[in-house]
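The chain contents come next:
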Amino acid sequence: MLPLLELSADGAEHRFRDAVESLSVHFGLTDAERAEMLPSGTAPLFDNRVGWARTYLKQAGLLESLRRGYFKITARGKAALASRPNHIDTTLLLQFEEFRAFRARRKEPGEPSVSQQSGAVVAAPVDVDLPPQQTPEDMLASAYRRLRGDLELELLDQVKQASPAFFERLVIDLLVSMGYGGSRQDAGRAIGKSGDGGVDGIIKEDKLGLDVIYVQAKRWEGTVGRPEIQKFAGALQGQRANKGVFITTSSYSREAIEYAGVISSKIILVDGQQLTALMIDHNVGVSTVGMYELKRMDNDYFEGE
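Every value quoted in this text rests on a predicted model; they were computed, and no experiment measured them.

**Quick look at the overall build of the protein**
Within the protein, the secondary structure is distributed over 14 helices and ten strands. The burial tally for the protein puts 32% of its 305 residues in the buried class. Just so you have it, the protein exposes about 18,600 Å², and 51% of that area is on carbon and sulfur atoms.

**Some remarks on the nonpolar core**
Core analysis: the biggest nonpolar cluster contains 25 residues, and Leu 4, Leu 5, Leu 57, Leu 62, Leu 63, Leu 93 and Phe 99 have the highest contact counts within it. If one sorts the elements of this core by residue count, helix H4 (residues 45-59) sits on top with five residues. Beyond its immediate chain neighbours, meaning those up to four positions away, Phe 99 contacts Tyr 56, Gln 59, Ala 60, Thr 90, Leu 93 and Leu 94. Grouped together as the second largest cluster of nonpolar side chains are 18 residues, Val 171, Leu 175, Ile 203 and Leu 275 included.

**Remarks on the confidence of the model for the protein**
On average, the protein scores 82 in pLDDT, and the residues at 70 or more come to 82%. Least confident of the elements in the protein is strand E5 (residues 120-123), whose mean pLDDT is 35; most confident is helix H1 (residues 2-7), at 97. With pLDDT under 50 throughout, residues 112-133 is counted as low confidence; its partners more than four residues away or in other chains account for 22 contacts. Contacts for the low-pLDDT stretch residues 194-198, under 50 throughout, to residues beyond four places or in other chains number eleven contacts.

**A short note on the sheet that holds strand E2 (residues 63-64)**
Spatial strand order, E1-E3-E2: three strands in an open sheet with antiparallel pairing. One side of each edge strand has no neighbouring strand; the edge strands of this open sheet are strand E1 (14-15) and E2. With two bridges connecting them, E2 and strand E3 (residues 70-73) associate as antiparallel partners. Note that in E3 the partner of Leu 63 across the bridge is Ile 73.

**Topic: the pattern of salt bridges**
In the structure shown here, the tally under the stated rule is 14 salt bridges. Among the salt bridges present, the one from Arg 15 reaches Asp 18, with a minimum N-O distance of 3.1 Å. Take Arg 15: its relative accessible area is 35%, and that puts it in the partly exposed class. Asp 18 sits in the partly exposed class, given a relative accessible area of 40%. Between Glu 255 and Arg 254 there is a salt bridge; the shortest N-O distance is 3.4 Å. Of the residues examined, Glu 255 reaches a relative accessible area of 38% and is grouped as partly exposed. By sharing partners, the salt bridges in this structure join Arg 17, Glu 21, Arg 34 and Asp 47 into a single network.

**A short note on the environment of Leu 170**
Tracing the sequence through the fold places Leu 170 in helix H9 (residues 164-177). Take Leu 170: its relative accessible area is 7%, and that puts it in the buried class. Between the alpha carbons of Leu 170 and Val 159 there is a distance of 8.8 Å; along the sequence they are eleven residues apart. Setting aside residues no more than four positions away along its own chain, Leu 170 makes contact with Val 159, Leu 275, Met 279 and Val 284.

**What about a nonpolar patch on the surface?**
A contiguous nonpolar patch, built from Met 297, Tyr 301 and Phe 302 and spanning about 400 Å² of accessible area, is present on the exposed surface. Topologically, Phe 302 is positioned in helix H14 (residues 299-302).

Each value, and the rule that gives it
Residues numbered from 1 in each chain as written. Predicted model: local features only at pLDDT ≥ 70, side-chain atom pairs only at ≥ 80, totals over all residues. Heavy atoms only, no water. Helix = DSSP H or I, 4+ residues; strand = E, 2+ residues; numbered from the N terminus. Buried < 20%, exposed > 50% of the residue type's maximum accessible area, 1.4 Å probe, protein only. Areas by Shrake-Rupley, 256 points an atom, 1.4 Å probe, with all protein chains shown as cover. Core = buried A, V, L, I, M, F, W, Y, C linked by side-chain atoms within 4.5 Å. Contact = heavy atoms within 4.5 Å. pLDDT = per-residue confidence, 0-100. Pairing = 2+ DSSP bridges. Salt bridge = Lys/Arg side-chain N within 4 Å of Asp/Glu carboxyl O. Patch = residues over 30% accessible without salt bridge, like charges linked within 9 Å, V, L, I, M, F, W, Y side chains within 5 Å.

This is the structure we're talking about:
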């Protein structure tokens, strides 16, 4: 992580692919080492490691991405370099609240948690009720949850940077992939065409169009509060509609969630975290890079021996 941060010390934007090549020269990697692949065979090992270094530095606020595939150092990153660290690892990054929050979201049962006491980061003891070790199956499942969690964070960051037109297309693709809207052409004509009283679009609930769902999709920076949901609910009543979906890239206040749960109209609130989870579940904006089959011995096969 330190060489990657030092590479960006000039304050300019750097292309990730160029950074990978520069760091391979910095470490003096041979052609064979550069060609080494992950166990899944899906990507070069060194590229993967640089990608993780960039992710950790971004989550700690030392790097930032202003556009896809590029990164630059932040004021915090410059301050970190000014302190002349011998190396940068997760222990150093844990001093930053954003990175602690990032690790907390990814923390698995049995991992030490971190807290702040007198300005020092300390590890809390592991819960004694947890099993002392994981089975290989547990470790595989844990690794999957970690990878998925990181992908959700990366997706959300990308969606927030997307243009309003692209976000509209993303919502269409997701709803159609989930079985709503009939054809994509039908959905494309519906979303964004209403704009009446706080409703962004109307989409079929099924391919036959037996019922419709009113949709509002907003890229949002702050928390969505109760007034916005009340406005959407009022728009539904004005359309004599009973079903609506409110999609945002941020989150909802407790009051907004409680209000949506007590009104007569059925309003589903989809926040940024749930949005990216649905994108992964329905293969929108993601692609499969590797598959692992977990097998066990077939005892029935050997019974006839």
